[in-house]
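Descriptive analysis of the structure
This is what each chain is made of:
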Amino acid sequence: MKNFSAIQRRAALAAGIALGASVVSGGAFAQAAYPGSAPIKMLVGNPAGGTTDVVGRMIAAKMGEVLKASVIVDNKPGASGLIAAEAVAKAPADGYTILMASSGLATLRALYPASTFDAEKDLEPIGIIATSPYVMVVHPSMPVKTLPELLAYARANPGKISYAGSTPGTAQHLGWELIKRITNTDMQYVPYKGTGALMPDLLAGRLQAGIDNVAILTPYIKAGQLRGIAVTSAKPSPLLPDLPTVASAGVPDFSAVGWFVVFAPPKTPAPVLAALRQAVKETMASPDTRDKLVGIGAEPQSGSYEEGRALLKRETTVWTKVIKESGITVQ
């Protein structure tokens, strides 16, 4: 019996070792198989049709090719992008829910102090996609053709110019606020739920002015439906090379650009995060992707997650100061 028990113990031990090896092997296989057949959801905190949505769908399609998986864009607009950002921050950290964020992400902590969301702590950067200049426009019915003329008109007619810049808290909106502070002008901001929502009023002249993505507004400028007066970037846009920058047109040191970075939930496993980051890098190395981004007025970036993290930190510092000094609230 003693010998039989010893044999049983050795057999059980061998079985246990084999089972453990099987579990480890299975775990390694599961990680290597990411993302498998399951679709990846890319949340976008803006309505369909806006720049972030367009960029998101472009990048999702290419990432899907790289990962050999389905990457589906899911629009969750609201609260200046906070709804989508919080949803990703609270999503399972398994790589199947990611975020295409725009520059408005850097303003959420200041705009929504009641929320505990902190983008720098609650999201993990996957990679930077692109930056994009904005263009300042007026309706053709306005008796101004340059930024100095617009500012002079605003001073002569305080509070009578209504303007829009995507959703509250975005760089478009805050760019206006910074211009108003620097130039001491009084213009009225009208909030909308994204670019698509404001365009009918801007084109009809119910809004006198706006700032939005250069690629979206360029066709309307060229068709004479809107009048471009300046771009918000530090250098002129290739799409509108004849327009001066806001800084060169009379608002020194001014710069406001859009940007797009992909994020994952915090504590996403390192192998999954590495796969996502590699997919973004390969996406941004694709000439086709870069050409498409240039075609919509964006400046393609490297796909680096380190650059994405640094950009978020810098922009959060800049726009938080503008929000607090301007007393901007959205609640």
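Attention here is on the structure that accompanies the text. (Residues numbered from 1 in each chain as written. Predicted model: local features only at pLDDT ≥ 70, side-chain atom pairs only at ≥ 80, totals over all residues. Heavy atoms only, no water.)

1. Some points on empty space enclosed by the protein
Counted only if it meets this: Detection works on a 1 Å grid of protein atoms alone, calling trapped sets that fit a 1.4 Å probe cavities and calling open sets with protein on both sides within 12 Å along at least five of seven lines pockets, with lining residues defined by an atom within 4 Å of a point. Grid points are joined across faces, edges and corners, and a volume is the space filled by probe spheres set on the points. Every helix listed is a DSSP run of H or I at least four residues long, and every strand listed is a run of E at least two residues long, numbered separately from the N terminus. Only Asp, Glu, Lys and Arg are considered charged, only Ala, Val, Leu, Ile, Met, Phe, Trp, Tyr, Cys and Pro nonpolar, and every remaining residue, Gly among them, polar.
With the rule as written, the count across this model stands at two cavities of 30 Å³ or more. Space inside the largest cavity adds up to approximately 110 Å³. Around the largest cavity, the lining is made up of 15 residues, and of these N46, S80, G81, A101 and S102 lie nearest the centre. Taken together, the elements giving at least two residues each to the lining of the largest cavity come down to α3 (82-89) and β3 (97-102). Looking at the lining of the largest cavity, the element that brings in the most residues is β3, giving four residues. A breakdown of the residues in the lining of the largest cavity according to their chemical character gives seven nonpolar, eight polar and no charged. Lining the second largest cavity are L105, A106, L108, R109, F117, D118, A119, E120 and T316. Elements supplying a minimum of two residues to the lining of the second largest cavity: α4 (108-111) and α5 (119-122).

2. Considerations on the pairing of strand β1 (residues 40-44)
On a regular strand, each side chain points to the face opposite its neighbour's, so the side chains alternate between the two faces of the sheet. Stated precisely, the cut-off is as follows: The classification of residues rests on relative accessible area computed with a 1.4 Å probe and restricted to protein chains. Under 20% of the type maximum is buried, over 50% is exposed, and intermediate values are partly exposed. Pairing between two strands requires that DSSP report at least two bridges joining them. With strands facing away from the observer, any crossover in which the path from the first strand over the helix to the second runs clockwise is taken as right-handed.
Counting buried residues in β1 gives four out of five residues, a clear majority hidden from the surface. The sheet contact formed by β1 and strand β2 (residues 71-75) spans five bridges and is parallel. When the sheet's bridge partners are listed, L43 is paired in β2 with D74. As a crossover connection, the stretch from β1 through helix α2 (residues 51-67) into β2 is right-handed. Strand direction decides the pairing type here: β1 and β3, joined by four bridges, are parallel. Within β3, the position partnered with V44 by the bridge is M100.

3. Section: the environment of V138
We count it as follows: Any two residues whose heavy atoms approach within 4.5 Å at even a single point are treated as in contact.
Along the chain, the position of V138 falls in strand β4 (residues 124-138). Along the backbone, V138 and L178 are 40 residues apart, and their C-alpha atoms lie at a distance of 18 Å. Sequence-distant contacts of V138, defined by excluding residues within four places in its chain, comprise V144, L150, Q208, A209, L226, R227 and I229.

4. Section: the pattern of salt bridges
Put simply, the rule is: Every case where a carboxyl oxygen of Asp or Glu lies within 4 Å of a side-chain nitrogen of Lys or Arg is listed as a salt bridge.
Under the definition given, this model contains 12 salt bridges. Here K180 makes a salt bridge to E177, at a shortest N to O gap of 3.5 Å. Taken as a pair, K180 and E177 lie in helix α7 (residues 171-183) at a separation of three residues, close to a single helical turn. One exposure class covers both K180 and E177, and it is buried. Between E325 and R181 there is a salt bridge whose closest N-O contact spans 3.6 Å. Residue E325 is located in helix α12 (residues 305-326), and its partner R181 is located in helix α7; the two are separated by 144 residues in the primary sequence.

5. Some thoughts on the packing of aromatic side chains
Inclusion rule: Working definition: rings of Phe, Tyr and Trp (its six-membered ring) pair if their centres are within 6.5 Å, and the pair is stacked with planes under 30 degrees apart, edge-to-face with planes over 60 apart, and tilted otherwise. Counted as over-ring charges are cases with an Arg CZ or a Lys NZ within 6 Å of the ring centre that also lie within 35 degrees of the ring normal.
The full count for this structure, using the stated rule, is three aromatic pairs. Arranged with centres 5.3 Å apart and planes meeting at 65 degrees, the rings of Y34 and Y96 form a pair that is edge-to-face. Placement of Y34 in the loop between α1 (2-32) and β1 and of Y96 in the loop between α3 and β3 is noted, with a sequence separation of 62 residues between them. Ring centres of Y163 and Y189 lie 5.6 Å apart, and the angle between their planes is 45 degrees; on these two criteria the pair is classed as tilted. Taken together, the residues span a long stretch of sequence, with Y163 in strand β5 (residues 162-164) and Y189 in strand β6 (residues 188-189) at a distance of 26 residues. Since its relative accessible area comes to 0%, Y163 is described here as buried. An aromatic cluster is defined as three or more aromatic residues linked by ring pairs; in this entry it consists of Y163, W176 and Y189. The residue whose ring lies beneath R277 is Y305, and the NZ or CZ to ring-centre distance is 3.5 Å.

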